[in-house]
Amino acid sequence: MIVVVGIGADGWAGLAEPARAAILAADEIVGSVRQLALLPPTGARTRAWPSPIDPLLDELVAGSSGSSCVLASGDPMLHGIGATLARRVPAERLVVHPHVSAFALACARLGWPAAEVSLISTVARPPEVVARWLAPGRRIVVYASGRGGAASVAQVLRARGFGPSRFVVLEQLGGPAERIVDTTAKAWGDQQADPLHAVGVECRSEGGGPPLPLVPGLPDSAYDSDGQLTKRHVRALTLAALAPLPGELLWDVGAGSGSIGIEWMRAEPTARAIAIEAREDRAARAAANAGELGVPELDVRVGQAPGALAGLPDPDAVFIGGGLTETGLIERCWVALRPGGRLVANAVTLEGERALIDARAAYGGELVRIEIGNAEPVGAFTGWRMRLPIVHWSACKHASACKRASACERASDRQRASACERASDRQRGSSKESG
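Here goes a summary of the coordinates provided. (Residues numbered from 1 in each chain as written. Predicted model: local features only at pLDDT ≥ 70, side-chain atom pairs only at ≥ 80, totals over all residues. Heavy atoms only, no water.)

## Observations regarding helix α6 (residues 149-159)
For clarity, the cut-off: Think of it in three bands: residues with accessible area under 20% of the maximum for their type are buried, residues over 50% are exposed, and the middle band is partly exposed, with areas taken using a 1.4 Å probe on protein chains only. Each helix is a run of H or I in the DSSP string that is no shorter than four residues. Each strand is a run of E no shorter than two, and both are numbered from the N terminus. The contact rule is simple, with two residues in contact once any of their heavy atoms fall within 4.5 Å.
All of the buried residues along α6 are G149, A150, A151, V153, A154, V156 and L157. For α6, the secondary structure elements touched by its buried residues are β7 (139-145), β8 (166-171), α7 (185-188) and β10 (196-202). At the exit of α6 stands G161, carrying a positive phi of roughly 80°.

Encoded structure:
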């Protein structure tokens with residue numbers, strides 16, 4: 001058994017009897033140096049978390065240390081070690097005694113209804129994760145660590161035009177040394193804070209820039225690009241077809257500026273994405289865009305598909321933004337796609353369009369032609385200037401044995417059924433080769 005006890009800045013005095021009993025019964029107690037110092041003598045062996053914590057975490061998961069009690073700040077299941085352990089051990093091996101969270105205390109001190117406040121943790125994560133949530137009027141509580149935590153959050157706000165935001169640094173919440181400083185991100189600057197602190201942010205923009213909501217279809221100007229960018233309106237349609245869901249993984253193949261992977265992750269906070277880009281300069285640009293737009297966890301890899309796809313975890317969704325005419329690319333992506341997954345691709349050339357027509361014949365799905373025009377001056381008048389048409393293909397790999405087979409059964413076109421059968425033969429051959 002692993003028992004996790006949440007402890008606040010008020011220490012032993014703030015613990016309920018079941019939490020105290022769990023600590024007193026433990027053979028060993030694991031926690032930070034600060035947390036261990038809050039306990040009275042218990043007779044148990046104490047171990048401070050090493051850096052990195054992985055070796056000790058592996059030891060706890062393996063159950064090789066006897067009866068272990070792990071101390072956590074506040075609510076262990078809210079961006080805490082309890083949540084980390086819960087992902088790795090069965091529920092029957094884990095007992096959690098939560099404390100009042102810093103989030104709850106911060107909302108109480110600020111008078112903010114908790115259900116209307118976003119919680120973000122920058123503990124062991126880049127502070128740029130805050131950028132995803134920046135929007136005028138939004139309230140945020142940020143978990144920060146180290147004396148420079150608040151300063152790094154303030155810098156992210158200032159760099160994105162949110163310097164006027166109300167910026168409340170809440171130190172040692174719930175303890176005798178509690179201290180609250182109410183200022184702005186601009187005024188806080190590079191000041192140091194107590195190592196145990198959170199930050200309340202009430203977003204206020206300096207104005208002048210376009211809003212960056214969480215829904216797909218950010219302005220093209222939000223990205224640094226050399227032109228390899230899925231444009232705004234097509235991007236919104238593409239993300240709608242990809243349909244990001246909790247915990248799912250996207251392959252963004254031929255990522256260019258990274259916009260599809262970035263907006264996939266912005267739309268669903270638990271979703272993940274791997275961006276595959278053949279050119280190093282574009283891959284670097286995609287990673288920079290990801291940090292700027294609040295999803296620095298985007299996994300950017302340099303390589304040419306389909307070869308660069310080898311060894312990647314199977315995706316729940318795939319977007320092919322480049323390389324459509326590469327031999328075997330669409331088939332390789334379809335084979336890797338998990339049941340229920342979505343494959344989406346866009347083409348602007350006749351050769352790419354041909355590839356998508358063949359893909360629809362083989363795998364089913366929907367083929368759509370998108371034509372977009374902009375109103376622009378024509379002499380003293382205004383007319384439509386049309387962009388290159390986009391051919392958009394999307395298909396779902398149903399959880400049944402074969403989406404293509406069901407599509408063929410519905411189709412009256414014998415040629416499509418024959419193409420489907422040939423594609424299935426190719427897929428079986430490919431699977432044997434990779435088996």
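What follows continues from the structure just given.
## Focus on the packing of aromatic side chains
Worth spelling out the cut-off: Between 30 and 60 degrees the pair is tilted, below 30 it is stacked and above 60 it is edge-to-face, where a pair is any two Phe, Tyr or Trp rings, Trp via its six-membered ring, whose centres lie within 6.5 Å. Throughout this description, the term charge over a ring refers to an Arg CZ or Lys NZ atom that lies within 6 Å of the ring centre and within 35 degrees of the ring normal.
The full count for this structure, using the stated rule, is three aromatic pairs. Between Y363 and W393 the ring centres are 6.5 Å apart and the planes differ by 35°, which places this aromatic pair in the tilted class. Of this pair, Y363 sits in helix α12 (residues 350-363) while W393 is found in strand β19 (residues 390-397), placing the two residues 30 residues apart along the sequence. Among the aromatic residues, ring-to-ring pairing joins W334, Y363 and W393 into one connected group. Geometry around W133 places R132 over its ring, the cationic atom sitting 4.3 Å from the centre.

## Remarks on the sheet that holds strand β6 (residues 117-121)
Where we set the bar: Between any two strands, at least two bridges found by DSSP are needed for them to pair. Here an axis means a line fitted to C-alpha atoms, over the contact stretch when the element is a helix, while the angle between two N-to-C directions is reported on a 0 to 180 degree scale.
Here we have five strands laid out as an open sheet, ordered β6-β7-β10-β8-β9, and mixed in their pairing. Taken across any chain shown, the strands that pair with only one partner, and hence form the sheet edges, are β6 and β9 (179-184). This sheet shows a mean twist of 20° between the axes of neighbouring strands, independent of strand direction. Here β8 runs beside β9; their pairing, made up of six bridges, is antiparallel. Among the inter-strand pairings, V168 is bridged to a residue of β9, identified as D182. In the packing of helix α5 (residues 102-110) onto the sheet, contacts are made with β6, β7, β8, β9 and β10, and the angle to β7 comes to roughly 130°. Taken strand by strand, α6 contacts β7, β8 and β10, and its axis lies near 165° from that of β8.

## A closer look at unusual backbone geometry
With an omega of 0°, the peptide bond running from S51 to P52 counts as cis. With respect to the helices and strands, P52 occurs in the loop between β3 (45-48) and α3 (54-62). The omega torsion across A305 and P306 is 10°, close enough to zero to call that bond cis. Its identity as a non-glycine residue notwithstanding, A124 has a phi of 60°, on the positive side. Here A124 lies in the loop between β6 and β7. When its relative accessible area of 80% is taken as the criterion, A124 is described as exposed. Backbone geometry places Q172, a non-glycine residue, at a positive phi of 50°. Tracing the backbone shows Q172 in the loop between β8 and β9.

## Some words on the nonpolar core
The cut-off we apply is this: Throughout this description, the term nonpolar core refers to a set of buried Ala, Val, Leu, Ile, Met, Phe, Trp, Tyr and Cys residues connected via side-chain atoms within 4.5 Å.
Counting residues in hydrophobic clusters, the biggest one holds 28 residues, and the most contacted among them are W251, V253, L309, I320, I330, C333 and W393. Contributing elements (two or more residues each) for this core: β11 (249-253), β12 (272-277), β14 (317-320), α11 (329-336), β15 (341-347), α12 and β19. Excluding its chain neighbours within four sequence positions, the residues that come into contact with W393 are I330, L343, V344, A345, L356, A359, R360, Y363, G364, G365, E366 and L367. Core analysis: the second largest hydrophobic core is formed by 24 residues, V142, V199, V201 and C203 among them.

## Observations concerning the pairing of strand β4 (residues 68-73)
Counting buried positions over the six residues of β4 gives five, a clear majority of the element. Where strand β1 (residues 2-7) lies against β4, six bridges are found, and the strand directions are parallel. Bridge pairing links I2 to S68 in β4. Pairing analysis gives three bridges linking strand β2 (residues 28-31) to β4, with the strands arranged parallel. If you follow V30 over to β4, its bridge partner there is V70.

## What about the sheet that holds β3?
Taken in spatial order, the five strands line up as β3-β2-β4-β1-β5 in an open sheet, and their pairing is parallel. This sheet does not close on itself; its edge strands, each paired only once, are β3 and β5 (94-97). Taking each pair of neighbouring strands and ignoring which way they run, the sheet shows an average axis angle of 20°. The strands that helix α1 (residues 17-25) touches are β1, β2, β4 and β5; relative to β1, the one it contacts most, it runs at about 130°.

## Describing the environment of S68
For the record, the criterion: Any N or O atom pair separated by 3.5 Å or less is treated as a polar contact, with the protein-specific requirement of one donor-capable and one acceptor-capable atom, and with residues adjacent in sequence counted only for side-chain atom pairs.
Among the secondary structure elements, S68 is positioned in strand β4. For S68, a relative accessible area of 4% gives the class buried. Each C-alpha atom of the pair S68 and E116 lies 37 Å from the other, and the pair is 48 residues apart in sequence. Discounting chain neighbours no more than four positions away, the residues touching S68 are M1, I2, V3, E28 and L60. At 3.1 Å, the side chain of S68 forms a polar contact with the side chain of E28.

## Concerning the side chain of E202
Residue position: E202 is located in strand β10. The exposure class of E202 is buried, given its relative accessible area of 16%. If sequence neighbours within four positions are ignored, E202 has contacts with W112, R138, R139, S165 and R166.

Functional significance is not addressed by these values, which are geometric in nature.
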